[in-house]
Every structure is written in structure tokens, then in C-alpha cells.
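Now for the letters of each chain:
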Amino acid sequence: MPHFDEKRAYAAQEDIFFDDGREEELVEFVKSKPNVQGSPSAVLKAIDEFGRTKKYLMNVGEDKGRIVTDLIHEAKPEIMLELGGYCGYSTILFAHAQRAAGGKKYYSLERSPKFAKVIKTLVGIAGLSDFVEMVVGPSNEGIRILLVAGKVKKIDMMFLDHYKPAYTTDLKLCESLGLIQKGTILAADNVIKPGNPPYLEYVRSSVEEKRKRVAEKQEKKDTEGFSDRAAKQYGGVEELSMEVKGNPEIVYESRLVNSFEPTGVPDGIEITRCVEVPA
Ligand SMILES: C[S@@+](CC[C@H](N)C(=O)[O-])C[C@H]1O[C@@H](n2cnc3c(N)ncnc32)[C@H](O)[C@@H]1O
């Protein structure tokens with residue numbers, strides 16, 4: 001297990017931990033800092049300072065963030081998607097790394113227009129507006145919009161960090177639309193805290209296991225296995241496109257990388273690579 005540096009811990013997560021005015025406070029806090037204009041690292045440093053000294057923020061944070069930036073440096077994705085952008089911490093961290101690795105575009109799909117505005121503002125301050133494109137609305141709609149617009153034909157890397165039960169349904173949607181191809185990498189946050197059993201089961205299953213479940217109609221509902229808090233986290237149970245079956249023939253290799261929430265609570269990122277898509 002890696003080590004967590006307590007000095008860098010965010011404030012503890014409260015019962016109400018977002019959408020209570022803290023996101024607007026964060027924007028003012030970042031704007032008040034000198035030298036943030038055009039500097040992704042200074043903007044990230046300011047966001048982390050707010051999370052430590054003012055109020056908790058549901059960001060991926062430095063420890064888990066490093067797992068994904070290392071992967072970006074190694075895989076050099078041209079096209080990257082994130083599902084769930086919140087205040088733009090992951091957007092700025094990963095888009096900055098992707099641009100440095102020679103990438104083409106980072107798409108941030110965020111359901112809340114209010115949070116999308118915060119992301120736009122902070123991404124603008126960081127100087128990444130030309131590289132990042134926001135798609136505002138539910139992720140399943142955003143994915144279809146990007147495909148129909150001809151902007152995304154293959155996903156090179158996708159960071160999943162939105163409504164937990166939607167990880168599996170959105171992955172299946174991407175499979176059905178042909179966006180998951182050999183070499184696609186998925187990085188799924190929060191698979192330990194709060195956890196995501198249906199997603200882990202899906203990406204770790206063999207083709208035979210997936211085929212059997214489809215044939216015997218034994219597929220578990222992708223909304224099963226979540227605590228009430230995780231299922232209602234963003235204001236209610238979201239509608240999910242359960243009818244999308246995905247492509248059980250796709251072969252994945254998947255592994256858990258243990259790490260920590262920015263508060264120091266143990267968590268992990270599931271890293272999944274698509275190794276084969278039969279013709
Ligand atoms: C944990 S936060 C994302 C944190 C961000 N990735 C970071 O590390 O800085 C989850 C975000 O997902 C958004 N969200 C929830 N359900 C969504 C959906 N179906 N489609 C798109 N965004 C969604 C929420 O509004 C929230 O901003």
C-alpha cells in the first residue's frame with residue numbers, strides 16, 4: 001500500500017459536500033492568487049490549497065491524479081474523454097499532461113451547467129481553453145453528440161468519475177458505438193470508495209463469462225450493488241440507458257491501483273486496457 005502524506009490532506013468530507021456555494025467560493029479564491037493566469041500547475045495548487053484550508057472538494061486529488069498522468073505520459077492519447085468534471089481539477093491536470101504528450105483534444109462531459117461554468121472559468125485561467133472542449137449534459141447524451149458530430153471516432157483514454165452506476169452503462173454505450181477499440185484505456189475512479197462492484201465485475205469478466213450472462217439474461221442490473229448515498233449522490237437516481245448491451249466480445253485486461261482520496265481515505269483506480277475487438 002502506498003503512503004499518504006497527512007500534511008497534504010484535504011478537509012474532511014461533510015454530509016453536504018458540494019453545490020452549497022463552495023464552487024463559487026473556489027473560483028474567487030483561485031482568481032485572488034497571483035501568477036495563476038496561463039499556469040495549470042498554479043491553478044491546481046490553488047484548488048488544492050482551497051481543499052486543504054477552506055472546504056473539501058470532490059476532486060480526484062494529487063495521489064490518484066498521478067496514476068492517471070503517468071498513464072497519459074506513457075500512452076500519449078490523442079483523444080481523451082472525462083465523464084464528470086466538477087470544478088475542473090481533473091480536467092486541468094489531465095488535459096495539461098495530454099497536451100504535453102502531444103494529444104489533440106480533451107473532452108469534459110459534465111451534467112451540471114453550473115459546474116460546467118466553473119470548469120470553463122478555471123480551464124480558461126489555466127490557459128487550456130483551446131485544448132479542452134466542454135460537453136454539458138448527461139454523459140450518455142454527450143458521448144452520442146461527440147460521435148454524431150464526427151469529433152470522436154475512437155476513444156484513446158477515458159476517465160470515469162461521474163454517477164457511479166453510469167460507469168458500466170456508459171462503457172457499454174461506447175462499446176456499442178464502436179468507440180472502444182484495441183488500445184483504448186479506461187481509468188475508473190472511486191472503485192474502492194464508494195466502490196463500483198458492477199463495473200469491476202464487467203471489466204474483469206472474460207468474454208465467455210460476458211457471453212454467458214447475455215445469453216442467459218443473467219446480467220445484473222448495473223444499478224445494483226450501490227449504497228443509497230452513492231446512488232443518490234448527485235441529487236437523485238439518474239436515468240440510465242439499461243437497454244444498451246455493449247459488446248461482450250471485447251477483451252479487456254484490468255487491474256486495480258491502490259491509492260488515496262485527497263482526504264487520505266483509501267481508494268483506488270481501476271485501469272483497464274482493451275486488448276482485442278474481434279472484427
Ligand atoms: C466526483 S465529481 C468529478 C470530479 C472531477 N473529475 C475531478 O477529479 O476534479 C462528479 C461529477 O460528475 C457529474 N455528473 C454526475 N452524473 C453525471 C452524468 N450522468 N453525466 C455527466 N456528469 C455527471 C457531477 O455533476 C459532478 O460534477
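Residues numbered from 1 in each chain as written. Predicted model: local features only at pLDDT ≥ 70, side-chain atom pairs only at ≥ 80, totals over all residues.

Undergrad: So what's going on with helix H3 (residues 61-75)? Residues and values would help.
TA: In this model, H3 (15 residues) spans 21 Å end to end at C-alpha, consistent with the 21 Å of a helix rising 1.5 Å per residue. Burial in H3 covers these residues: Gly 61, Asp 63, Lys 64, Gly 65, Val 68, Leu 71 and Ile 72. Where H3 is buried, its residues contact helix H4 (89-100), strand E4 (157-160), strand E5 (185-188), strand E6 (251-260) and strand E7 (266-276). Positive backbone phi, at 50 degrees, marks Lys 76, one or two positions downstream of H3. (Helix = DSSP H or I, 4+ residues; strand = E, 2+ residues; numbered from the N terminus. Expected span 1.5 Å × (residues − 1). Buried ≥ 20, exposed ≤ 12 C-beta atoms within 10 Å, placed from the backbone. Contact = placed C-beta atoms within 7 Å.)

Undergrad: An account of the site of the ligand is requested, with residue identities and associated values reported.
TA: Close contacts around the ligand come from 23 residues, with Val 60, Gly 84, Tyr 89, Ser 90 and Arg 111 the closest. Mapped onto the shell around the ligand, the elements with two or more residues apiece are strand E1 (79-83), H4 and strand E2 (105-110). Split by residue class, the shell around the ligand holds 11 nonpolar, 7 polar and 5 charged. (Near = placed C-beta within 6 Å. Nonpolar A, V, L, I, M, F, W, Y, C, P; charged D, E, K, R; others polar.)

Undergrad: Explain unusual backbone geometry to me, using residue names and the numbers behind them.
TA: The linkage connecting Lys 193 with the following residue, Pro 194, adopts the cis geometry, with an omega of 5 degrees. Note that Pro 194 resides in helix H8 (residues 191-195). If you check the backbone angles, Lys 76 has positive phi at about 50 degrees while not being a glycine. Relative to the helices and strands, Lys 76 is located in the loop between H3 and E1. By C-beta crowding, Lys 76 is classed as partly exposed, having 15 other C-beta atoms within 10 Å. Located in the positive-phi region is Asn 190, a residue other than glycine, with phi close to 65 degrees. Relative to the helices and strands, Asn 190 resides in the loop between E5 and H8.

Undergrad: Please provide a residue-by-residue account of the pairing of E2, values included.
TA: When you tally the buried positions in E2, you get 5 out of 6 residues, the bulk of the element. Pairing of E1 with E2 involves 5 bridges; the strand directions are parallel. When the sheet's bridge partners are listed, Ile 79 is paired in E2 with Lys 105. You can see the chain leave E1, run along H4 and come back into E2, and the turn it takes is right-handed. Relative to strand E3 (residues 132-136), E2 runs parallel, the two being bridged by 5 bridges. The residue bridging Leu 109 from the neighbouring strand is Val 135, located in E3. Traced from E2 through helix H5 (residues 113-126) to E3, the parallel crossover comes out right-handed. (Pairing = 2+ DSSP bridges. Right-handed = clockwise from strand over helix to strand, strands pointing away.)

Undergrad: Please provide a residue-by-residue account of the nonpolar core, values included.
TA: Residues Val 43, Ile 47, Cys 87, Ile 92 and Leu 122 are the most contacted members of the largest nonpolar core, which totals 71 residues. Considering each element in turn, this core owes the most residues, 8 residues, to H5. In contact with Ile 92, other than residues within four places in its own chain, are Pro 40, Val 43, Leu 44, Leu 122, Val 123, Ala 126 and Leu 128. (Core = buried A, V, L, I, M, F, W, Y, C linked by C-beta atoms within 7 Å.)

Undergrad: Tell me about the environment of Glu 25, and name the residues and values.
TA: You can see Glu 25 is positioned in helix H1 (residues 22-31). A C-alpha to C-alpha distance of 26 Å links Glu 25 and Pro 194, two positions 169 residues apart in sequence.

Undergrad: Summarise the packing of helix H2 (residues 40-53) against H4; cite the residues concerned and give the values.
TA: Relative placement of two packed helices is described by the angle separating their axes and the distance separating the axes. In the contact formed by H2 and H4, the axes pass within 10 Å of each other and the chain directions differ by 150 degrees. On the basis of their axis angle, the class for H2 and H4 is roughly antiparallel. In this structure, the crossing between H2 and H4 has a hand that is left-handed. Every residue of H4 that contacts H2 at Pro 40, Val 43, Leu 44 and Ile 47 is listed here: Tyr 89, Ile 92, Leu 93 and His 96. (Axes fitted to C-alpha atoms, helices over the stretch in contact; angles between N-to-C directions. Parallel < 35°, antiparallel > 145°, perpendicular 65-115°, else oblique. Left-handed = near helix turned anticlockwise from the far one by under 90°.)

Undergrad: Tell me about the sheet that holds E4, residues and numbers included.
TA: The mixed open sheet is built from 7 strands, whose spatial order is E3-E2-E1-E4-E5-E7-E6. Sheet topology places E3 and E6 at the edges, where each strand pairs with a single neighbour. Adjacent strand axes in the sheet meet at a mean angle of 15 degrees, parallel and antiparallel pairs treated alike. Where E5 and E7 come together, 4 bridges link them in antiparallel fashion. By the bridge assignment for E7, Ile 185 is matched with Arg 273.

Undergrad: Which residues make up the confidence of the model for the chain, and what values go with them?
TA: In the predicted model, the chain carries a mean pLDDT of 94, and 95% of its residues have values of at least 70. Both scores are given for the predicted complex: the pTM is 0.96, the ipTM 1.00. (pLDDT = per-residue confidence, 0-100.)

Undergrad: So what about H4? Which residues, and what values?
TA: For H4, built from 12 residues, the straight-helix expectation of 16 Å at 1.5 Å per residue is met to within 8% by its first-to-last C-alpha distance of 17 Å. Most of H4 is tucked away, with 10 of its 12 residues classed as buried.

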